[in-house]
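Residue-level listing of the chains:
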Amino acid sequence: MGTELFKHYTAEKTPFLKCGYNNLWNVYRGTHKARKIPVCIFVLEKKNLKKITKNTKDVLVNIRKSPQMLMKFKHPNILGLVEPLVEDKNCLGFVTERFSYSLASWLEFVNPSKLEIKSVLIEVCKSLIFLHEDAHVIHNNLSLDSIFIDEFNKIKIGFFEFSINDPSISGSDITPDSVLQNFSYLAPEIIFDKKAFYTSDVYSVGLIAYYLLKYHKNDKDRDLIPLTASNNTIEGYKSNFNSVDGKLSNLSFEIEDNELLRKCLIRTATSRPILKELIENNWFNDPKLKALNFIEHLEQNDSTKNNEFLQKFPKIINMFENKIIEKRFLPALINGLKTDTLIVPCLPPIFAIAEKEDLKINFQSTIWPALKGLFSLKSM
């Protein structure tokens, strides 16, 4: 088994996730034997690659690039590399920080609300802003399988096999790879012109947003450019792309959704907004989204603003559905108790949530363990 490549880790016997295009990667939960650090272990068995392509040599060159690229980035929304790529004749693998889902598996497990979808997409956009403006990199491989989510609902972007450094204004040359890239999430200029721009990632965000909103509506026809493994080809893309204009002119989402999608999915790369402009759109200018985003970033916020917001929180709690309160706000507030300056302002909101009758939270198992630890603090 490929997890034997990492002797210093214990790993579960079965993968909790299959990801990457064609599900080439098995992902195992693991723990460092000495340091007790929880991790995820990515393993690819070479025999599975041989089943889908004869050109394994060139494909493996691209596969090896992804963990190498992860070493370059230090950002909370880029998947953190713990152990670099190792390889033997049968497998290759690498170790990353622990996460809980791919975006694809998160959908199935969480069945997200519209607010949760917005929360994911704004985090993805902010991650890409870092890549574009600070790292000067196009991701060029965004999909439901290249975005991961941890237990605190933080986005972690991975799979950088096709990333491009510092593209020119006229775009960078790129050759799409039907084995490793899901063409359903690629911008048209990549397929038609073999050129990639920063705004090619914006088009991919639009395609992902389209899928998520269709999922939310329980619509089974979720891909704007529907491709399967058998027609994930340049010809298949071009054929399916013919129907895109018709679909965009007849969008059946809410007005704000339609507006966002049409901005992202402009055919010409140079006419699309950059990501900083995109997140100023009304779709993201949602008071509930701002509140959720604020409370899930308490440690990074200004302390005065934290105090002001958390004082008001018990009065606005009923604006939110119970699922958000229980699964998003409460874990973030409990996590805030680990920071000395957040203990006092976080307690009233936690008690307000505990006292909300229709939530039926088990105080003893959910909240009390975190409170009990406070009594051993010297500051208490």
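Structure first, text after, so check above.
In this text, all values refer to a predicted model and were calculated from it rather than measured experimentally.

A. Structural view of the layout of surface pockets. Of the pockets and cavities examined, the largest pocket occupies roughly 500 Å³. Forming the boundary of the largest pocket are 26 residues, of which Phe152, Lys154, Glu296, His297 and Gln300 lie nearest the centre. Of all the elements in the fold, those that place two or more residues in the lining of the largest pocket are α4 (114–135), α11 (287–295) and α13 (322–336). For the lining of the largest pocket, the element with the highest residue contribution is α13, accounting for six residues.

B. Highlighting unusual backbone geometry. Its identity as a non-glycine residue notwithstanding, Asp166 has a phi of 45°, on the positive side. Judged by relative accessible area, Asp166 falls into the exposed class, the value being 57%. Phi is positive for Lys360, close to 55°, though the residue is something other than glycine. With respect to the helices, strands and loops of the structure, Lys360 is situated in the loop between α14 (340–354) and α15 (363–366).

C. The packing of aromatic side chains, seen in detail. Scanning the model with the defined rule gives 22 aromatic pairs in all. When the ring of Phe42 is compared with that of Phe94, the centres are 4.7 Å apart and the planes differ by 10°; the resulting orientation is stacked. Taken as a pair, Phe42 in strand β4 (residues 38–45) and Phe94 in strand β6 (residues 91–97) lie far apart in primary sequence, 52 residues in all. No difference in accessibility class separates Phe42 from Phe94, as the two residues are buried. Each ring, one from Tyr101 and one from Phe109, has its centre 5.3 Å from the other, and the planes form 40°; the classification is tilted. Members of the aromatic cluster, each reached through a chain of ring pairs, are Phe16, Trp25, Phe42, Phe94, Phe99, Phe148 and Phe159. A cation sits over an aromatic face here: Lys118 above Trp283, 5.3 Å from the ring centre.

Criteria and thresholds
- Residues numbered from 1 in each chain as written.
- Predicted model: local features only at pLDDT ≥ 70, side-chain atom pairs only at ≥ 80, totals over all residues.
- Heavy atoms only, no water.
- 1 Å grid on protein atoms, 1.4 Å probe; cavity = no way out; pocket = protein on both sides within 12 Å on 5 of 7 lines; lining within 4 Å.
- Points joined across faces, edges and corners; volume = space filled by probe spheres on them.
- Helix = DSSP H or I, 4+ residues; strand = E, 2+ residues; numbered from the N terminus.
- Buried < 20%, exposed > 50% of the residue type's maximum accessible area, 1.4 Å probe, protein only.
- Phe/Tyr/Trp six-rings, centres within 6.5 Å; stacked < 30°, edge-to-face > 60°.
- Lys NZ or Arg CZ within 6 Å of the ring centre and 35° of its normal.

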